[in-house]
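Residue strings, one per chain:
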Amino acid sequence: MPTAPVSARDRLVAAAFDLFDVRGFDETTVDDIAKAAGVGRTTFFRHFGSKESVIFPEHDDLLARIAGRLDAGDAASSDVAVSEAARLVLRYYVGEGDRARIRYRLISSVPVLKAREIASIRQYQSLFARALSGWTADDPDAVLRAELRASAIVTAHNHVLRRWLRGEVDAPEEAFGHAMGVVLEQAPQADGETTVVVVRTGSSPEQVAAAVQRALRAP
């Protein structure tokens, strides 16, 4: 059976990652990527708005898939819904293999890509928070609880993914299941008991989530 032709978009992504890995992000131009992919500059911008965008080629699709899974959930199935939605992202990046590792190295060394990753994380977190608050709308603290839990979910995902990228985890799905178990068992409940969490102004979502986990474990 003949092999389906590789699309121009896929060729652009493959060429970009190959060039970034060999030359570096800043040293590679859009024209370099287009030439290596066998297309013109106009074709590149037809598919990607910027050189940074090609590093995260499936971001919008992942957001849509997360939203779709969360939209199918409700209050009774919230734990399953958020776990499966976050697992969609993990499976995508693990499935990329070496490409995900190249991205990780680039993000670690290129400030503009780090900023792009942070903005992406906030979008993921916003989707989870919106769904969680909608499932507990009768709770006067629904928005706060949703934001705290969404931060913990995204932190758990990123913790496992980054450990896998560094070669510290051989079974990321199993590690993710454990991490989500920690998040869900520590989730703040509307039971009348108040827990005060103090964080510094400007703390990252990961730092907030860690503070919440410490407070919830405290006697």
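Keep in mind it's a predicted model, so treat the numbers as computed, not measured.

S.K.: Could you clarify how one ought to interpret helix α9 (residues 172-185) in this entry?
M.R.: The periodicity of an α-helix, 3.6 residues per turn, causes residues three or four positions apart to be oriented the same way. The end-to-end C-alpha distance of α9 is 20 Å, a good match for the 20 Å that 14 residues give at a rise of 1.5 Å each. Residues of α9 that are buried include every one of P172, A175, F176, A179, M180 and V183, and no others. On an axial view of α9, the arc spanned by its buried residues comes to 135°, and they lie on one face. Turned more than 90 degrees from where α9 packs its buried face, E174, H178 and E185 sit exposed. If you follow the buried residues of α9, they end up packed against α5 (78-96) and α8 (142-165).

S.K.: I'm lost on the environment of L90 in this one. Help?
M.R.: Looking at the element boundaries, L90 is found in helix α5. Given a relative accessible area of 1%, L90 falls into the buried group. What L90 contacts, discounting residues up to four positions off in sequence, is H157, V160, L161, P172, E173 and F176.

Reading the values: the criteria
Residues numbered from 1 in each chain as written. Predicted model: local features only at pLDDT ≥ 70, side-chain atom pairs only at ≥ 80, totals over all residues. Heavy atoms only, no water. Helix = DSSP H or I, 4+ residues; strand = E, 2+ residues; numbered from the N terminus. Expected span 1.5 Å × (residues − 1). Buried < 20%, exposed > 50% of the residue type's maximum accessible area, 1.4 Å probe, protein only. Arc of directions from axis to C-beta. Contact = heavy atoms within 4.5 Å.

Purely geometric numbers; function is a separate question.
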